[in-house]
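Commentary on secondary and tertiary structure
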Amino acid sequence: MELRKNYFADVRRDDLHEIGQPRPRSDSPGHVTGKTAFFADRNFPGMLHLKMVRSPHHHARIRSIDTSEAEKHPGVVKILTAKDVPHNVYTILILIQIGPEDETVLADGKVRWKGEAVVAVLAETERAAQEAAAKVKVDYEVLPAVFDMQEALKPGAPLVNEYHGQNYYLYDSGECRKVRFGDVEAGFTGADHVLEQSYQSSPIEHAPTETTGCVVAPEGNDRFTCYTNTQAMFFTLDNTSIILQMPGSKLHFVGGTVGGGFGGKVDVIVEPIAILGAKLTGRPVCFIYSREEEMQISSPRAAEKVVIKDGVMKDGRIVARKVTGYTDAGAYSRHSPYGAQKGAGHYPGPYTIPNVWIDTYCVYTNRTPSSAMRGFGVTIGDFALEVQMDKLARLIGMDPLEFRFINAYRDGDMKAHRQPTEGAALIECMQEASRAANWPVAEKYMAMSSYVKGA
Amino acid sequence: MAKVPVQFTLNGSEKAEFVDSGTTLLHALRDKIGDTSPKGGCHQGSCGACSVIIDGELRLSCLTLAETCDGAVISTTSGLSDSGVLHPLQRAFLDTFATQCGFCTPGMIMAAKVLLDHTPNPSRDEVVEALSGNICRCTGYEPIIQAVLTVARSNSQNAA
Ligand code: FES
Ligand code: FES
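In this text, all values refer to a predicted model and were calculated from it rather than measured experimentally.

1. With respect to the interface of chain A and chain B
For interface size, the figure often reported is the accessible area lost on association. Across the contact, 26 residues belong to chain A and 28 residues belong to chain B. Both sides together, the interface formed by chain A and chain B hides about 2100 Å², and carbon and sulfur atoms give 58% of it. Three residues, His31, Val32 and Thr209 of chain A, lead the burial of chain A against chain B; their summed loss comes to 29% of the area buried on that side. Applying the counting criterion to the chain A and chain B interface returns eleven residue pairs in polar contact (both at pLDDT 80 or more). Across the side of chain A that touches chain B, the residue classes tally to seven nonpolar, eleven polar and eight charged.

Structure follows, in structure tokens:
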């Protein structure tokens, strides 16, 4: 690995002894010998298997649930419905005061997406649990569903989630997150060119090699040990404590070993119901998503739509940017109100623009709830922004890399959400990229600096 | 349900179990015998995490019935470094950062081992082909390919 010394030479230290040095990972000896203990490698005598009965409809009222046939199935030990869950309506971000609680652990009276958990079956073997789950009879009255964000926002659209009362998340700022900086309309009026484009993406599944799940063992002292592959250990512990109305001191979570997560294992989705099963039966319980569940049930990255309108001058300066972003939360909030909010802060991009207007909506539809995934809220936005940057450069006949140098933020520039820029290195990165990609730019850009005034 | 007796050699030691008819070898190894090095990533033959070696051939243990393994000689990744010394493939996976979350690793090592057992000095294409039934979502495959090629190169030097 080559360390370039020509950047930040006057502000950086040269006595670093870790950067540039290979270090063995502490967990890889376990991985290559097969000794690493993933959650599913825990096995306990008498362990029960949990399988979910899931909604076959996108939106339906539940008229009745009949578990009598399933209960008679050989090997079935316990069947759980909504009434068994102490605090059945929850939302994971309540821990940071982002409510309302809008999701059920087990459906109560209604399902809002195809695949929603309705009844949990615990049996001696996986096969018995699966067969018994197929015998649970749920009588549904199918309701009209909405799958498109624009449709969902129209008056008269089917209401997806009554806990919100409308098909968007209500922020303290109103129906969307807003950023207002300068005078965007005046910026467009004074611009040489205005370009409006819209970009959209589909949901993306993380598809980790190890599926989501947990193994729970009741301890003799009324505590429960939960071996889990959550990426959000304490977050899961605290939410489980709320859902089960059980003090955190009764819950011992063991984890940190995750067979691929990519942000997809941060919803509190298997632990509460598995611990409840262990509590009510006194037996160890495992609840492991099948591959099909991992692909269809676990939350994906949200589908997004981004509409960007930019005002640009012939000399390359972007003078105004207006962005409307839509994040498809699916039927429940999970992490999406936060994702949409991140977008609001991010849409100006790493560029200094004097007039900015941003609205980002978190929209509810009858699709699989979306949640976190690597840079959620900003990754799709970056795709849209950088395609837009290329289009703007082409519009004014400028080299796309030089166009970015002109607009790149530098230390001290005020960002649209009113945080002054600090520690910027975009210009230096682009200078290096220009060399590495053999995409030369004019000398004046190679002389620019993120932090030297006037350069 | 009627139990079926099955006896095989696992990593050099004799194992005998009674299994339900229809039990997969993956289930028998992990939940009955306690060798959890083969992993279940899909239970339907599409990820390769459950790969083991049966009588010298690479097999998906999730699609192999335990009862068909009577008398077989089975190897898994947990048996590769019995004496505490890492197998060259294990060493190479460490050194080239070919393992991130580690869930695919035992299956990958099995696939690589069968390749090198049959073809000690494979081409890059042969390595890619041999690993093509094993899914890794973390590494992007390149470090894994490099790990296998590193061992192949040292095989050919030793042979020379
Ligand atoms: S578990 Fe056997 S191929 Fe995936
Ligand atoms: S290292 Fe995670 S799947 Fe390969």
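2. Some thoughts on the nonpolar core
Formed by 52 residues in total, the largest nonpolar core has its most connected members in Leu50, Met52, Leu106, Val216, Ile273, Ile275 and Phe287 of chain A. Of the residues that make up this core, three or more belong to each of domain 1 (41-143 + 207-296) and domain 2 (177-204 + 300-425) of chain A. Those residues in contact with leucine 50 of chain A that sit more than four places away from it in its chain are Ala120, Val121, Leu122, Ile273, Ala274, Val285, Cys286 and Phe287 of chain A. Ranked by size, the runner-up nonpolar core spans 35 residues in total, among them Cys42, Leu115, Cys136 and Val151 of chain B.

3. Structural notes on the domain arrangement of chain A
All names here are of chain A. In terms of domain boundaries, chain A breaks down into domain 1 (41-143 + 207-296) and domain 2 (177-204 + 300-425). Here the C-alpha centroids of domain 1 and domain 2 sit 37 Å apart. Regarding the contact of domain 1 and domain 2, the summed buried area is about 1500 Å², with carbon and sulfur atoms giving 55% of it. The partner of arginine 334 in a salt bridge is glutamate 103, and the shortest N-O contact between them spans 2.6 Å. Linking domain 1 with domain 2 are ten residue pairs in polar contact (both at pLDDT 80 or more). Of the residues contributing to the side of domain 1 that touches domain 2, the split by class is eight nonpolar, seven polar and five charged.

4. What about the pattern of salt bridges?
One pass over the full model with this rule turns up 33 salt bridges over all chains. With its nearest N and O atoms 2.8 Å apart, the salt bridge here joins aspartate 41 of chain A to arginine 30 of chain B. Of the two residues, aspartate 41 of chain A sits in the loop between helix H1 (28-33) and strand S1 (48-54) while arginine 30 of chain B sits in helix H1 (residues 25-33), which places them in two different chains. In this structure, lysine 51 of chain A engages glutamate 126 of chain A in a salt bridge whose closest nitrogen and oxygen atoms are separated by 3.4 Å. With lysine 51 of chain A in strand S1 and glutamate 126 of chain A in helix H3 (residues 126-133), this residue pair connects regions lying 75 residues apart in the sequence. What makes lysine 51 of chain A buried here is its relative accessible area of 7%. One network of salt bridges, in which partners are shared, links Asp41 of chain A together with Arg30 and Lys39 of chain B.

Criteria and thresholds
- Each chain carries its own residue numbering, running from 1 in the direction its sequence is written.
- Written order determines the labels here, with chains lettered from A and ligands numbered from 1.
- For a predicted model such as this one, the threshold for reporting local features is a pLDDT of at least 70, and the threshold for listing and counting side-chain atom pairs is 80 or more; totals across whole chains, interfaces and linings nevertheless cover every residue.
- Hydrogen atoms and water are omitted, and side-chain values are computed over all heavy atoms in the structure.
- Any two residues whose heavy atoms approach within 4.5 Å are treated as being in contact.
- Defined here as a combined quantity, buried area equals the accessible surface (1.4 Å probe) lost by two parts on assembly, summed across both.
- Under the rule applied, a polar contact is a pair of N or O atoms within 3.5 Å (in protein, one hydrogen donor and one hydrogen acceptor; residues adjacent in sequence only if both atoms are side-chain atoms).
- The classification used treats Ala, Val, Leu, Ile, Met, Phe, Trp, Tyr, Cys and Pro as nonpolar, Asp, Glu, Lys and Arg as charged, and all other residues, Gly among them, as polar.
- Residue types Ala, Val, Leu, Ile, Met, Phe, Trp, Tyr and Cys, when buried and joined through side-chain atoms within 4.5 Å, form a set referred to as a nonpolar core.
- Whether a residue is buried, partly exposed or exposed follows from its accessible area with a 1.4 Å probe, protein chains only, as a fraction of its type maximum: under 20%, in between, or over 50%, in that order.
- Here the bounds of each domain stem from an automatic or database domain assignment.
- Salt bridge, as used here: a side-chain nitrogen of Lys or Arg that lies within 4 Å of a carboxyl oxygen of Asp or Glu.
- Every helix listed is a DSSP run of H or I at least four residues long, and every strand listed is a run of E at least two residues long, numbered separately from the N terminus.

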